[in-house]
Amino acid sequence: MIGLISATSAGAAARDRLAVAWPDRTRVYEGPVGEAVRAAFAECEQLVCFLATGAVVRLLAPLLGDKAADPGVVCVDEGGRFAVSLVGGHGGGANELAAGVGRVLGATPVVTTATDAVGLPGLDTLGLPVEGAVAAVSRALLDGEPVALETEVSWPLPALPVAVSGSYTVRLTDRLVEPGEREAVLRPPTLVIGVGASTGAPVEEVLGLVTTTLREAGLSGRSVAELATVDAKAGEPGIVGAAERLGVPLVTYSAGELAAVEVPNPSEAPLAAVGTPSVAEAAALVRGGELVVPKRKSRRADAGPARATCAVVRRPGRGRLAVVGLGPGARDLLTPRAEAELRRASVVVGLDQYVDQIRDLLRPGTRVLESGLGAEEERARTAVAEARRGHAVALIGSGDAGVYAMASPALAEASDDIDVVGVPGVTAALAAGAILGAPLGHDHVSISLSDLHTPWEVIERRVRAAAEADLVVTFYNPRSRGRDWQLPKALAILAGHREPTTPVGVVRNASRPDESSLLTTLAALDPATVDMMTVVTVGNTATCDIAGRMVTPRGYRWQEDSR
């Protein structure tokens, strides 16, 4: 929950705007400001104070404790011009909160943490436990000193400006190692603990077995991703309690799923009890990985029979492929989610001209793999291959990545061995529609006139179907030097079903500095004025020109009523 505090009517007005925008995330604290700040600090994960920074500093000073646990605090001036990340920029999420407040209020986010100021990811913001000389290594990265990255396990990290060797080190490992004097150790959640337990096994016995097993195997408890067991033990107090104390989720599988897993140490006892010859090993292995510690049994102080078993599997991080739509070209039409994915990626793959649009957003150390026109399948294969190597990859395209862009070839190439995320973008049709007016107000279709990948016979059949169905049609790839007859042919097909006065919108380079647009008619459009940078939108029988704007009514009743 985000606590909102203000002292004046001007601050309250901005506060209320934020409360309306985030109704489920915010709580307004009324009353004396000092009491409100203290209450919100104790009860909320984050605070937004619409007060002077000096006043907030004085109010917060007695409350501050551990930066890893304190709430993130953002201070907004009463004019709503600036959102200052004041406390907990990383750990408390105040930097991200300041950006969010800025988007809602139109304020400028002010972030002063050193890594964010120069575009570097903070080692404590990677979503992984980190220990060791974090401040010293971060300082070395900021100063441009050589910092080596040692990866003992695969994990999709964002870009880091690391060298092959250096006097400072970022070490990615799940082993129980003591960080060196100039070393920061990142703990990826690679370990899965399979657990079995007899009915009534105490939590101390289950937890003791797990922690002892990890320690003796030289593995870090901070890299445990989850405890896993059979469905029949989902409510077993000893197992549930162990997961809670370790701070990890408890995942369960059916006996049938576990019985299908080949294990080195099957047993008759669990088969008779819960219907599978293995619980600990099978639960750890069911989703793949390397068995690093086979089944072990607990030891009781009273020498009684073991009541718990566990096994440990290392499950390397899956590579991540984000297919990102950049929008039509204008920076303010690039979505925040797309920008976040670009900053998260360690590898960016894309057409050279699209890479140029967003190169300034990439973090130092990002590897860029760019190529020219006509290499879509090659770019898709490259992006998937990089993700399979365990990297965080962003495959970029213009507009929406799923519309005549890179999502289709990428997903055709990818299998279930990597994680794939789609990031939508503003399409050329939508950008052009906004410029023209409201041509897509009713049913519409987009058709590419390029026959490089689709036979013209198929394209023509689709144009005829759209014409007969009275759909508004947006033509992508309408005309090039080598393809100058397809657009006239498509327009002629539409003309057989629509009046010559049907509105037609032509937009070139929508949202870019050299944007141009024309509202004409089906009879008056000159195809020779159209090129590959143009989107052509042909209205249906209800589309009209209203005050120079192309409008397709949502329904036809109002048009009939007005006659």
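Provided above is the structure to which this section pertains.
What you see is a predicted model, and the numbers here were worked out from it, not measured in a lab.

Caption draft 1: Fine view of the overall build of the protein. Along the backbone of the protein there are 19 helices and 28 strands. Based on the C-alpha atoms only, the size of the protein along its principal axes is roughly 95 × 65 × 55 Å. When contacts within the protein are restricted to residue pairs at least 6 apart in sequence, those whose partners lie at least 24 apart make up 65%. Carbon and sulfur atoms form 51% of the exposed surface of the protein, whose accessible area is close to 26,000 Å². Of note, the protein has its 54 positive side-chain charges centred 1 Å away from the centre of its 66 negative side-chain charges.

Caption draft 2: Broad picture of the side chain of Thr-190. Mapped onto the fold, Thr-190 is located in the loop between strand E10 (183-186) and strand E11 (191-197). Owing to a relative accessible area of 0%, Thr-190 belongs among the buried residues under this scheme. Leaving out residues up to four positions away in the same chain, Thr-190 has contacts with Val-153, Trp-155, Asp-174, Ser-223, Val-313, Arg-314 and Arg-315.

Caption draft 3: Molecular detail of helix H1 (residues 9-21). Between the first and last C-alpha of H1 there are 18 Å, a value that for 13 residues agrees with the 18 Å anticipated at 1.5 Å per step. Of the residues making up H1, those classed as buried are Gly-11, Ala-12, Ala-14, Arg-15, Leu-18 and Ala-19. Considered in projection along H1, the buried side chains sweep an arc of 165° and stay on one side of the axis. In H1, the exposed residues that point more than 90 degrees away from the buried face are Ser-9 and Val-20. Close packing links the buried residues of H1 with strand E1 (2-6), strand E2 (26-29), strand E3 (46-50) and helix H4 (94-105).

Caption draft 4: Focus on the layout of surface pockets. In this structure, the second largest pocket occupies an estimated 1,500 Å³ of space. Along its surface, the second largest pocket is lined by 42 residues, and Tyr-354, Glu-376, Tyr-404, Asn-477 and Met-532 are the ones closest to its centre. Listing elements by their share of the lining of the second largest pocket, those giving two or more residues are helix H13 (352-358), helix H14 (376-388), strand E19 (392-397), strand E22 (444-448), helix H17 (456-468) and strand E26 (534-538). Among the residues making up the lining of the second largest pocket, the classes are represented as 19 nonpolar, 16 polar and seven charged.

Caption draft 5: Main features of the pairing of E11. Counting buried residues along E11, seven of its seven residues qualify, which places the element largely inside the surrounding structure. Of the two faces of E11, the one holding Leu-191, Ile-193, Val-195 and Ala-197 and the one holding Val-192, Gly-194 and Gly-196 are both buried throughout. As paired strands, E11 and strand E12 (residues 224-230) are joined by four bridges and run parallel to one another. Its bridge partner being in E12, Gly-194 is matched across the sheet by Ala-228. Once the chain exits E11 it traverses helix H7 (residues 203-217) before rejoining the sheet at E12, and the crossover so formed is right-handed. Inspection of the sheet shows E11 paired to strand E15 (residues 308-314) by seven bridges, in the antiparallel sense. In the strand pairing of E15, Ile-193 is matched with Val-312.

Caption draft 6: View of the packing of aromatic side chains. Under the defined criterion, the tally for this structure stands at two aromatic pairs. Geometrically, the ring pair formed by Tyr-404 and Tyr-476 is tilted, given 4.7 Å between the ring centres and 50° between the ring planes. You can see Tyr-404 sitting in the loop between E19 and helix H15 (407-413) and its partner Tyr-476 sitting in strand E23 (residues 472-476), a full 72 residues away along the chain. What makes Tyr-404 partly exposed here is its relative accessible area of 43%. Taking the relative accessible area as the measure of exposure, Tyr-476 reaches 10% and is therefore buried. Relative to Trp-485, the ring of Trp-456 lies with its centre 5.1 Å away and its plane at 70°, an arrangement referred to as edge-to-face. Placement of the pair is Trp-456 in helix H17 and Trp-485 in the loop between E23 and helix H18 (486-495), with a sequence separation of 29 residues. Trp-456 gets classed as buried once you look at its relative accessible area, which sits at 10%. Against the face of Trp-22 rests Arg-25, its NZ or CZ located 4.2 Å from the ring centre.

Caption draft 7: Just the nonpolar core, in detail. In terms of nonpolar packing, the biggest core is built from 22 residues, with Ile-193, Val-195, Val-206, Leu-214, Val-224, Leu-227 and Val-312 touching the most fellow members. Secondary-structure elements contributing two or more residues to this core are E11, H7, E12, helix H8 (237-246) and E15. Top element by residues in this core is H7. It accounts for six residues. Sequence-distant contacts of Val-312, that is, excluding residues within four places in its chain, are made with Leu-191, Val-192, Ile-193, Thr-213, Leu-214, Leu-219, Glu-290, Leu-291, Val-292 and Val-293. Among the nonpolar cores identified, the runner-up in size contains 21 residues, and Ala-466, Leu-494, Val-504 and Leu-525 belong to it.

Caption draft 8: The arrangement of the sheet that holds E22 in detail. Spatially, E22-E23-E26-E24-E25 is the arrangement adopted by the five strands of the open sheet, whose pairing is mixed. The strands lining the two open edges of the sheet, one partner per strand, are E22 and strand E25 (516-521). If you compare each strand with its neighbour and ignore which way they point, the axes differ by 20° on average. With six bridges connecting them, strand E24 (residues 503-508) and E25 associate as antiparallel partners. Its bridge partner being in E25, Gly-505 is matched across the sheet by Leu-519. Lying on the sheet, helix H16 (residues 428-436) is in contact with E22, E23, E24, E25 and E26; it crosses E24 at an angle near 115°. Set on the sheet, H17 makes contact with E22 and E23; between it and E22 the angle comes to about 160°.

Caption draft 9: Representation of the pairing of E19. Where burial is concerned, most of E19 is hidden: six out of the six residues are buried. Across the two faces of E19 the burial is the same, with Ala-392, Ala-394 and Ile-396 and Val-393, Leu-395 and Gly-397 all buried. Bridging between strand E16 (residues 320-325) and E19 involves six bridges; their strand directions are parallel. Each residue of the ladder has a partner; that of Gly-325, found in E19, is Gly-397. Pairing of strand E17 (residues 347-351) with E19, which is carried by three bridges, proceeds in the parallel orientation. For Val-347, the partnering residue across the bridge sits in E19 and is Val-393.

Conventions used here
- Residues numbered from 1 in each chain as written.
- Predicted model: local features only at pLDDT ≥ 70, side-chain atom pairs only at ≥ 80, totals over all residues.
- Heavy atoms only, no water.
- Helix = DSSP H or I, 4+ residues; strand = E, 2+ residues; numbered from the N terminus.
- Contact = heavy atoms within 4.5 Å.
- Areas by Shrake-Rupley, 256 points an atom, 1.4 Å probe, with all protein chains shown as cover.
- Lys, Arg positive; Asp, Glu negative; His and termini not counted.
- Charge placed at Lys NZ, Arg CZ, Asp CG, Glu CD.
- Buried < 20%, exposed > 50% of the residue type's maximum accessible area, 1.4 Å probe, protein only.
- Expected span 1.5 Å × (residues − 1).
- Arc of directions from axis to C-beta.
- 1 Å grid on protein atoms, 1.4 Å probe; cavity = no way out; pocket = protein on both sides within 12 Å on 5 of 7 lines; lining within 4 Å.
- Points joined across faces, edges and corners; volume = space filled by probe spheres on them.
- Nonpolar A, V, L, I, M, F, W, Y, C, P; charged D, E, K, R; others polar.
- Pairing = 2+ DSSP bridges.
- Right-handed = clockwise from strand over helix to strand, strands pointing away.
- Phe/Tyr/Trp six-rings, centres within 6.5 Å; stacked < 30°, edge-to-face > 60°.
- Lys NZ or Arg CZ within 6 Å of the ring centre and 35° of its normal.
- Core = buried A, V, L, I, M, F, W, Y, C linked by side-chain atoms within 4.5 Å.
- Axes fitted to C-alpha atoms, helices over the stretch in contact; angles between N-to-C directions.

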